[in-house]
Amino acid sequence: MTQRKAKKRSIFKNIGFYFALIYFALTVLLIVQLFILGMIPMKYLIPIIIILVLLAMGLCYLQLGKRLSKLNRILGRIIIVLLSLFLSVGNWYIFKTYHTFGELTDSDKDVSVVSVVVMKDSDYETIEDLAGQNIATTTLGDADVMSNAAKDLNKDISAELKSYNSVDAYGDALYNGEVEAILLNEGMRGSFEEKHPEFDTDTKVIKRYTYEKVAKDISKNVDVTNTPFNVYITGIDSYGTIATVSRSDVNMLVTVNPNTKQILMTSIPRDYYVVQPCQDNQKDKLTHTGIFGVSCTIETAENFLNTDINYYARVNFSSLIDIVNALGGITVNSPVSFTTTVGGYSIVAGDNYLDGEKALAFSRERYSLAGGDRDRGKNQMRVVEGMINKAISPAIITRYTSILDAVGGSFQTNMNQSEINSLIRMQLDDMSSWEIFQYSLNGYGSGNTWSPANGFNSYVMQPDQNTVDKANALINKMLNGQTLTQTDVAE
């Protein structure tokens, strides 16, 4: 008994025991995290675990084994220190990956921001400066959000609220001095661009009210590694936090068949004039659905295209810049040469390398393109294709951490983490290339049509039913497991 206690004490006095213990703990932690992450295929995971265990056993022996020279023990400790640094970095990356993907799937809220906006050259600097003044509000957009903002404003100051039912009249009231400030739902900021294109530079914000509400669960979960599914990509016209409610300026249905390794991207013009459940089934521009939250956009698109949408992905302009830059830029093929209105970038016919700012300008351009908004939608699909191609290439390995930093908090989806993990695991398992097809819906402009969200007649695009019917046929062919060809998507 005394010998056993003495032996136990001698182990704890052996510094090599602590080297071995730390290394063993880091190894176990890495193995556990790899299992929790669930992204690595078993054919890779099992050899990795075997190597890690054998290394741990060997290095522990170099510290605790009998009849080893002092030199061998010292060399073992040096190796343990070096490999422990490697294991620590590995554990950190796995933790960061898991945390980032958790942020991507945190899609249970919509955030509405209402600002108190005044003219930039005014003397108003704080909300208290507006006490007793006239402030405009509106009946347009999300009525509940505006009602809450009016109540909170009245808690801060006593002011005279004037209600307007037209975006034009609402903006004009501020510009002509009829009111000193307006209560602006930031989701509607872009609606001022037609009448007051310099609104952003002409005005300033002196107070913001923020409201969160639980978003409706609209996912329709499937086995994403075996069953074709639809993902709706909505690009909101705002910078900053991804959960902010704003107009849906990018509208794209992505149909994925994991069995045939094919992807169909269907672009829908932002000005498409369609029935919207969130506006009492009135027709309005598709882009205005975003003001009422992503669930409104999805429900409208499902009804219009007569198809179930399993998931959505929401990005904004700032996130596009960050993600493209994190990927190290992308390559897109443009069928025509043009110069972007924003930034003045020269795009050539053929392949173009785009960094984040240039990719954003490319995807937003419509004035320099013969097809206007429809051609813009095609370019947006080219940008998405470029991002997909870069993301599945070996180049992603060297830019892994920067990509994690870029997507965290700037990209949102209701696909759950296990489904994302399954897709990544499938791709790593077979490293297959994907065939990507593009189709764009068409229509004709109508310049004097009622827009409920604007409160006045606006330019809209009336759908071309032939292109809608063809899109439905292509989507259904994909969902039924059939293989597409370029002939199928030819216009």
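Quick caveat, the model's predicted, so the values are computed rather than measured.

Evaluated as defined, the whole model comprises one disulfide. The partner cysteine of C278 in its disulfide is C296, sulfur to sulfur 1.7 Å. Residue C278 is found in the loop between strand 9 (273-276) and strand 10 (282-285), and its partner C296 is found in helix 8 (residues 294-305); the two are separated by 18 residues along the sequence. Take C296: its relative accessible area is 5%, and that puts it in the buried class.

A separate point is the packing of aromatic side chains. Under the counting rule described, the total for this entry stands at seven aromatic pairs. Arranged with centres 5.2 Å apart and planes meeting at 80°, the rings of F17 and Y18 form a pair that is edge-to-face. F17 gets classed as buried once you look at its relative accessible area, which sits at 18%. Their ring planes at 35° and their centres at 5.9 Å tell us that W92 and F95 sit as a pair that is tilted. One end of the pair is W92 and the other is F95, both in helix 4 (residues 70-104) and three residues apart, which spans about a single turn. Take W92: its relative accessible area is 48%, and that puts it in the partly exposed class. A network of ring pairs unites the aromatic residues Y170, F192 and F199 as a single cluster.

Calculation rules
- Residues numbered from 1 in each chain as written.
- Predicted model: local features only at pLDDT ≥ 70, side-chain atom pairs only at ≥ 80, totals over all residues.
- Heavy atoms only, no water.
- Disulfide = S-S within 2.5 Å.
- Helix = DSSP H or I, 4+ residues; strand = E, 2+ residues; numbered from the N terminus.
- Buried < 20%, exposed > 50% of the residue type's maximum accessible area, 1.4 Å probe, protein only.
- Phe/Tyr/Trp six-rings, centres within 6.5 Å; stacked < 30°, edge-to-face > 60°.

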